[in-house]
Amino acid sequence: RAMSRADFEADRFRIIVRNWPDGAPRVVADAWDRSPNELVWSADSRTLYATAPNVGQQSLFAIDVASGVVKTVVNEGHLASPQVAGQQLLFLLDHLKSPAEVHVVGKDGGAPTAITSINAARVAAVKMGDAEQFSFAGWNNEKVYGWVVKPVDFVAGRKYPVAFLIHGGPQGSFSNNFHYRWNPQTYAAAGYAVVMIDFHGSVGYGQAFTDAIRNDWGGKPYEDLMKGLDHALAAHPWMDGTKVAALGASYGGFMINWIA
């Protein structure tokens, strides 16, 4: 993987291949506007399997090395550590209601199958809030995505306070991920509705979207956050707009100060 712009930590990673030891480097799938995290070769070296942030998920992709054609193998969830296991792919999969378990799927995709249940007893012993992804018109009327997590033991007709989580990075994402520092289920369990916005600057929506935060930390992202919160409150009348707390660290902490 290689970035092309010097002195910029959040450029898109491109996949580079070369014949060893003295072949010329070649970019694979240069038109694919995602930034891969992990790469693993197929047994015949014709395909690269890659995980990458992707519209509020971290999906698994298959990339034809010769043509650069990219296919989605598994879209939903937060996938990591892919490995080839015969005719199947093995990987970790977590999401907003479960920590990671090992899953398998056929090389052509389909519904993943869990082959471990390490956390099953712990997950069964706790309650979690239901999550849903949404989109709205953010800065410049561009589409921006976010997540809402309902409070545990949600009761229709009741009003709930809101925990407004703002991610760091700033080039990051509060995605469909069982986060081990900022887990929205912590707040859902305490009786809060949780709202999370992937504002301009977030990853998984194309490099231009990520670049939009450069030299504008308090502009487009702030507008996205305010519009996203307004959208969530309007779409969910059970949220109490008079009781909203914003929380964040790193860039999220910067934004808390900016809002204040």
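Residues numbered from 1 in each chain as written. Predicted model: local features only at pLDDT ≥ 70, side-chain atom pairs only at ≥ 80, totals over all residues. Heavy atoms only, no water.

## Quick look at the layout of surface pockets
What the largest pocket holds in volume is close to 350 Å³. Forming the boundary of the largest pocket are 21 residues, of which His167, Gly168, Ser173, Phe174 and His179 lie nearest the centre. Mapped by element, the contributors of at least two residues to the lining of the largest pocket are strand S4 (47-54) and strand S5 (57-64). (1 Å grid on protein atoms, 1.4 Å probe; cavity = no way out; pocket = protein on both sides within 12 Å on 5 of 7 lines; lining within 4 Å. Points joined across faces, edges and corners; volume = space filled by probe spheres on them. Helix = DSSP H or I, 4+ residues; strand = E, 2+ residues; numbered from the N terminus.)

## As for empty space enclosed by the protein
Using a probe with the size of a water molecule, rolled over the atoms, empty space left in the structure can be pinpointed. A complete count under the given rule lists one cavity of 30 Å³ or more for this structure. Here the largest cavity defines a volume of roughly 40 Å³. Taken together, Leu96, Ser173, Phe174, Ser175, Asn177, His179, Trp182, Pro184 and Met196 form the lining of the largest cavity. Here the lining of the largest cavity is composed, by residue class, of five nonpolar, four polar and no charged. (Nonpolar A, V, L, I, M, F, W, Y, C, P; charged D, E, K, R; others polar.)

## Regarding the packing of aromatic side chains
The geometry of two aromatic rings is summed up by the distance between their centres and the angle between their planes. Under the defined criterion, the tally for this structure stands at 13 aromatic pairs. Ring centres of Phe199 and Tyr251 lie 5.5 Å apart, and the angle between their planes is 45 degrees; this geometry places the pair in the tilted category. Linking Phe199 in the loop between strand S14 (193-198) and helix H3 (207-211) with Tyr251 in helix H5 (residues 251-259), this pair joins segments that are 52 residues apart in sequence. Both residues of the pair, Phe199 and Tyr251, belong to the buried class. Three or more aromatic residues link up through ring pairs in this structure, and these residues are Phe199, Trp217, Tyr251, Phe254 and Trp258. The ring of Phe154 has Lys150 lying over it, and the distance from NZ or CZ to the ring centre is 4.5 Å. (Phe/Tyr/Trp six-rings, centres within 6.5 Å; stacked < 30°, edge-to-face > 60°. Buried < 20%, exposed > 50% of the residue type's maximum accessible area, 1.4 Å probe, protein only. Lys NZ or Arg CZ within 6 Å of the ring centre and 35° of its normal.)

## Considerations on the nonpolar core
Core analysis: the largest hydrophobic core is formed by 23 residues, its most contacted members being Val148, Phe164, Val195, Ile197, Phe199, Leu225 and Met239. Secondary structure elements with two or more residues in this core: strand S11 (131-137), strand S12 (143-149), strand S13 (160-166), S14, helix H4 (220-235) and H5. The residues contacting Ile197, other than those within four sequence positions of it, are Phe134, Phe136, Val144, Tyr145, Gly146, Phe164, Leu165, His167, Asp224, Leu225 and Gly228. Among the nonpolar cores identified, the runner-up in size contains 12 residues, and Leu96, Trp147, Val149 and Ala188 belong to it. (Core = buried A, V, L, I, M, F, W, Y, C linked by side-chain atoms within 4.5 Å. Contact = heavy atoms within 4.5 Å.)

## Brief notes about the pattern of salt bridges
Under the defined criterion, the tally for this structure stands at nine salt bridges. Two residues, Arg12 and Asp33, come together in a salt bridge whose shortest N-O distance is 3.9 Å. Here the residue Arg12 occupies a position in the segment before strand S1 (15-17), and Asp33 occupies one in the loop between strand S2 (26-28) and strand S3 (38-41), the gap between them amounting to 21 residues. Ionic pairing is found between Asp130 and Lys97, a salt bridge with its closest N-O pair at 2.7 Å. (Salt bridge = Lys/Arg side-chain N within 4 Å of Asp/Glu carboxyl O.)

## With respect to the environment of Glu223
Inspection of the secondary structure puts Glu223 in helix H4. Judged by relative accessible area, which is 28%, Glu223 ranks as partly exposed. Once the C-alpha coordinates of Glu223 and Asn141 are considered, the two residues, 82 residues apart in sequence, prove to be 11 Å apart. When neighbours within four sequence positions are excluded, Glu223 is seen to be in contact with Trp139 and Asn140.

## Digging into the environment of Arg14
By the secondary structure assignment, Arg14 is in the segment before S1. In this structure Arg14 touches Arg1, Ala2, Ser4, Val27 and Asp30, once residues within four positions along its chain are discounted. Only 3.0 Å separates the side chain of Arg14 from the side chain of Asp30, close enough to count as a polar contact. (Polar contact = N/O pair within 3.5 Å; in protein donor to acceptor, adjacent residues only side chain to side chain.)

## Observations concerning H4
The end-to-end C-alpha distance of H4, which contains 16 residues, comes to 22 Å, matching closely the 22 Å that a straight helix rising 1.5 Å per residue would cover. Looking at the packing, one finds that the buried side of H4 touches S11, S12, S13, S14, strand S15 (239-248) and H5. (Expected span 1.5 Å × (residues − 1).)

## Quick word on a nonpolar patch on the surface
On the surface, a nonpolar cluster with roughly 320 Å² of combined accessible area is contributed by Trp217, Phe254 and Trp258. Look at Trp258 and you get partly exposed, because its relative accessible area is 48%. (Patch = residues over 30% accessible without salt bridge, like charges linked within 9 Å, V, L, I, M, F, W, Y side chains within 5 Å. Areas by Shrake-Rupley, 256 points an atom, 1.4 Å probe, with all protein chains shown as cover.)

## As for the packing of H4 against H5
Two elements in contact, H4 and H5, have axes separated by 11 Å at closest approach and are oriented at 75 degrees. On the basis of their axis angle, the class for H4 and H5 is roughly perpendicular. Taking contact as the criterion, the partners of Pro221, Tyr222, Leu225 and Met226 in H4 are, on H5, Tyr251, Met255, Trp258 and Ile259. The residue inventory of the contact of H4 with H5, partitioned by class, reads eight nonpolar, no polar and no charged. (Axes fitted to C-alpha atoms, helices over the stretch in contact; angles between N-to-C directions. Parallel < 35°, antiparallel > 145°, perpendicular 65-115°, else oblique.)

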